[in-house]
Amino acid sequence: MAANFSEAQIAAIVKEVLSGMGSTTVKEASAKRWDSTQYEGRALIGIYDDMNAAIAAAADGYKAIRDMTVEKREKLITAIRELTRKEAPIMAQLGVEETGMGRVDHKTLKHILVADKTPGTEDIVSEAKTGDNGLTLVEMAPFGVVGSITPSTNPSETVICNSIGMIAAGNGVVFNPHPGAIAVSNYAVDLVNRACAAAGGPRVLVASVVKPTLETADFMYKHPAIRLLVCTGGPGVVKAVLSSGKKAIGAGAGNPPVIVDNTADIAKAGKDIIDGCTFDNNLPCIAEKEVFAFDCIADELIAAMKKNGAYMLTAAQANELAKVVLVEKENPKTGKTSVTVNRKCVGRDAAVIAKMIGLQVGADVRCLICEAGFEHPFVQHELMMPILPIVRVANIDEAIDLAVKAEHGNRHTAHMHSKNIDHLSRFAKAVETTIFVKNAPSYAGIGFGGEGHTTFTIAGPTGEGLTSARSFTRKRRCVMADSFRII
Ligand code: NAD
């Protein structure tokens, strides 16, 4: 894939995918009524009224694939990839309609990325140790049934990506999807089951519930059949999963800073940052959230951003907007209030957000930018919308100091545009993030225009990093004493 996609290239890819969709077009699909149990009158497969039944179905699915050959399992994965490619635009459209967040063209690309670059069974590699005392094998075995919590920001992408990895590892899966994205998440669960069944798998291998709640999640955590929990979401849910007493993989929040120094290709940096920041309206957790620019190149960088669809807010407009996109919320348990993002602004188009303060901008505006001080709420909060604050810094020491602070110790993702290898190395070491992207849009970090596999579950807190099939396995050792060496 090319490192940067122009709007025209994205449109061409989406058109190509749409042309392979057969009779159902996105327009037709959008006219249908949706719920979490059916699509066009067809009952979705693997969706249950209660979590207990969903877990039982996933456990049966696990039993069915436990004895399957790896070759057969890979056939299921291939079928999931094919169906995901085919139905990517449907899920993209439904995701945008249901959640009100993101962009159909970019969501289509995200699904295709998942289909193409999520590792399958090749990711499961056994280890052998031989010596004077014989042979020891370490094999990567399934856990059994995995319980997976998925977000609203990349809902069906996460369901399919996790399904591919978890099934490749030999597991069954039960999902407790985000309630705000339940129809599209359950559509993805159904898609995985349809693909697997058509390729010779069980009728249900992955399962979900009609109405996910915190209670169904809690039931899942405590159920003895669930051997591994995988959670993709904000700090609250990651904390809940890590407190479950079970083996858990936590993929939590980020607030990725970008540093641009005086050696960067400024025109490219401006374009890359806007491309990354506006991808799916900033919903990916890896997307650029705040910029620290050397003062001497900041004007040139802002001009490059404007050339690529950014609209410069005045300080007064930025402050007014901050009062709209960030709101005070009371914790019902403690009664304490805290500042949180306004969900009505998350993942919305820049023009829609601008309109909230009575500002009319053209539909060609992709991002609202502003100059800001380090303490500005746009710098401090993970907004997940196409608003990008730019903080001027004097030198690399100040840039690294502030960028590390703005990342808040999430150790999630950071970016830098520079040709100075000392600067690049110093920031990478200081920020300690799971992903560090140099001289490219943020999405290069998940394999979109960058080398390496993709995932939508980036497990910083628990250390698996960019998860893949091997993350969902447990190691088992088998020892043959004194034999089976050939030397
Ligand atoms: P969210 O945290 O609002 O919800 C995630 C899921 O957790 C939902 O299903 C929700 O109902 C459930 N949930 C929330 N609190 C819970 C609790 N205490 N117990 C049980 N379940 C609970 O997530 P969102 O707003 O859809 O996603 C955005 C957040 O997720 C951002 O912070 C983003 O950075 C993060 N995220 C991280 C990754 C990653 O790979 N690290 C990927 C996507 C999103």
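Note that this is a predicted model, so its numbers are computed, not measured.

Chemist: Would you explain the overall build of the protein in this entry?
Modeler: Each helix and strand in the protein was counted, giving 16 helices and 22 strands. Overall size of the protein, expressed as C-alpha extent along the three principal axes, is 70 × 60 × 50 Å. The proportion of buried residues among the 487 residues of the protein is 56%. For the protein, the share of sequence-separated contacts (at least 6 apart) that also reach a separation of at least 24 residues comes to 74%. Carbon and sulfur atoms provide 53% of the accessible area of the protein, an area that totals close to 20100 Å². In the protein, which carries 53 positive and 53 negative side-chain charges, the distance between the mean positions of the two groups comes to 4 Å.

Chemist: Whenever I open this one, the pattern of salt bridges confuses me. Can you help?
Modeler: It is possible for side chains bearing opposite charge to pair when their charged atoms get close. Scanning all chains against the criterion turns up 22 salt bridges. A salt bridge links E87 to R194; the shortest N-O distance between them is 2.9 Å. Residue E87 is found in helix α4 (residues 70-99), and its partner R194 is found in helix α7 (residues 182-198); the two are separated by 107 residues along the sequence. A salt bridge links R470 to D123; the nearest nitrogen and oxygen atoms lie 3.2 Å apart. Here D123 lies in the loop between α5 (104-117) and β4 (127-131) and R470 lies in the loop between β21 (465-466) and β22 (473-481), a separation of 347 residues in the sequence. According to the relative accessible area criterion, R470 is partly exposed, its value standing at 41%. Members of the salt-bridge network, linked through shared partners, are R42, E87, D190 and R194.

Chemist: For this particular structure, what's the right way to read the site of the ligand?
Modeler: Taken together, 31 residues lie around the ligand, and S152, G234, G252, E382 and I458 are the ones closest in. In the environment of the ligand, an oxygen atom lies 3.4 Å from a nitrogen or oxygen atom belonging to the backbone of T150. I458 has a polar backbone atom sitting 2.6 Å from an oxygen atom of the ligand. In isolation the ligand has 840 Å² of accessible area, and contact with the protein removes 86% of it. Across the shell around the ligand, the residue classes break down as 15 nonpolar, 14 polar and two charged.

Chemist: When you look at the sheet that holds strand β5 (residues 134-142) in this model, what are you seeing that I'm missing?
Modeler: Strand order across the open sheet formed by three strands is β4-β5-β22, with antiparallel pairing between neighbours. Strands at the two margins of the open sheet, each flanked by one partner only, are β4 and β22. Between one strand and the next, the sheet's axes are offset by a mean angle of 15°, whatever the strand orientation. As judged from the five bridges shared by β4 and β5, these two strands associate in the antiparallel manner. Following the sheet pairing, A128 is matched in β5 by L137.

Chemist: Looking at this structure, how should I read the sheet that holds strand β10 (residues 248-251)?
Modeler: What links the strands of a sheet is backbone hydrogen bonding, and the strands pair in either a parallel or an antiparallel sense. If you trace the six strands from one edge of the open sheet to the other, you get β3-β8-β7-β6-β9-β10, paired in parallel fashion. Pairing within the sheet leaves two strands with one partner each, and these edge strands are β3 (47-48) and β10. With five bridges joining them, strand β6 (residues 145-149) and strand β9 (residues 226-232) adopt parallel strand pairing. Pairing of G147 across the sheet is with L229, part of β9. Across the sheet, helix α8 (residues 214-222) touches β6, β7 (172-176) and β9, and the angle it forms with β6 is around 150°.

Chemist: Explain the packing of aromatic side chains here, please?
Modeler: Two numbers describe a pair of aromatic rings. These are the distance of the centres and the angle of the planes. Using the criterion set out here, one finds six aromatic pairs in the structure. Among the aromatic residues, those joined into a ring-pair cluster are F279, Y443 and F448. Stacked on the ring of Y187, the Lys or Arg R194 has its end atom at 5.6 Å from the ring centre.

Chemist: Is there a simple way to think about the state of the cysteines in this case?
Modeler: Two cysteines, two sulfur atoms, one covalent bond between them: this is a disulfide. Under the definition given, this model contains zero disulfides. The closest cysteine sulfur to the non-disulfide-bonded C161 is located on C285, 11 Å from its own sulfur. On the accessibility criterion, C161 (4% relative accessible area) is buried. The closest cysteine sulfur to the non-disulfide-bonded C345 is located on C367, 14 Å from its own sulfur.

Chemist: Help me out: how do you make sense of unusual backbone geometry in this one?
Modeler: The phi torsion of most residues other than glycine is negative, and most of the peptide bonds are trans. Phi at N281 is positive, roughly 55°, even though this residue is not glycine. Structurally, N281 is set in the loop between α10 (266-278) and β12 (290-294). We note that E432 has phi near 55°; this positive angle belongs to a residue other than glycine. Turning to its location among the elements, E432 is positioned in the loop between α16 (421-431) and β19 (435-438).

Chemist: Just to check I follow, could you spell out α5 for this structure?
Modeler: Two residues of an α-helix separated by three or four positions point the same way, owing to the 3.6 residues in each turn. With 14 residues, α5 should reach 20 Å at 1.5 Å per residue; the first-to-last C-alpha distance of 20 Å fits that figure. Summarising burial for α5: 10 of the 14 residues are buried, a large majority. What α5 keeps buried is the set H106, K107, T108, L109, K110, H111, I112, L113, V114 and A115.

Chemist: Please explain the nonpolar core as it appears in this structure.
Modeler: Where a protein is soluble and globular, its nonpolar side chains tend to be buried together. Ranked by internal contacts, the top residues of the largest apolar core, which has 58 residues, are L76, I80, I160 and I167. Going through the elements one at a time, α4, α5, α6 (155-168), β7, α7, β9, β19 and β20 (458-459) are the ones with two or more residues in this core. For L76, the residues in contact, after removing those within four places along its chain, are I65, M68, I167, C196, A199, G200, G201 and L205. If you look at the next biggest cluster of nonpolar residues, it comprises 39 residues, including F292, A293, F294 and C367.

Chemist: I would appreciate a short explanation of the packing of α4 against α6 in the present structure.
Modeler: To characterise two packed helices, one gives the angle between the axes of the helices and the distance between these axes. It is at 10 Å that the axes of α4 and α6 come closest, and there the two elements cross at 175°. One way to sum up the angle between α4 and α6 is to call them roughly antiparallel. For the pair α4 and α6, contact is made by R73, L76, I77, I80, R81, T84 and M91 and by S156, I160, I164, I167 and A168, respectively.

Chemist: Help me out: how do you make sense of the side chain of T433 in this one?
Modeler: Counting through the fold element by element, T433 comes out in the loop between α16 and β19. Here the side chain of T433 touches I435 through a polar contact of 2.9 Å, landing on its backbone oxygen. Other than its neighbours up to four places away in sequence, T433 contacts E407, R411, H412, T413 and A414.

Chemist: Help me understand the environment of V361, please; the structure alone is not making it clear to me.
Modeler: Relative to the elements of secondary structure, V361 occurs in the loop between α13 (350-355) and β16 (367-371). With relative accessibility at 14%, the residue V361 sits in the buried group. Leave out the neighbours within four places in its chain, and V361 touches Y311, A351 and A354.

The rules behind each value
- Residues numbered from 1 in each chain as written.
- Predicted model: local features only at pLDDT ≥ 70, side-chain atom pairs only at ≥ 80, totals over all residues.
- Heavy atoms only, no water.
- Helix = DSSP H or I, 4+ residues; strand = E, 2+ residues; numbered from the N terminus.
- Buried < 20%, exposed > 50% of the residue type's maximum accessible area, 1.4 Å probe, protein only.
- Contact = heavy atoms within 4.5 Å.
- Areas by Shrake-Rupley, 256 points an atom, 1.4 Å probe, with all protein chains shown as cover.
- Lys, Arg positive; Asp, Glu negative; His and termini not counted.
- Charge placed at Lys NZ, Arg CZ, Asp CG, Glu CD.
- Salt bridge = Lys/Arg side-chain N within 4 Å of Asp/Glu carboxyl O.
- Near = heavy atom within 4 Å.
- Polar contact = N/O pair within 3.5 Å; in protein donor to acceptor, adjacent residues only side chain to side chain.
- Nonpolar A, V, L, I, M, F, W, Y, C, P; charged D, E, K, R; others polar.
- Pairing = 2+ DSSP bridges.
- Axes fitted to C-alpha atoms, helices over the stretch in contact; angles between N-to-C directions.
- Phe/Tyr/Trp six-rings, centres within 6.5 Å; stacked < 30°, edge-to-face > 60°.
- Lys NZ or Arg CZ within 6 Å of the ring centre and 35° of its normal.
- Disulfide = S-S within 2.5 Å.
- Expected span 1.5 Å × (residues − 1).
- Core = buried A, V, L, I, M, F, W, Y, C linked by side-chain atoms within 4.5 Å.
- Parallel < 35°, antiparallel > 145°, perpendicular 65-115°, else oblique.

None of the figures reported here should be taken as evidence of function without further support.
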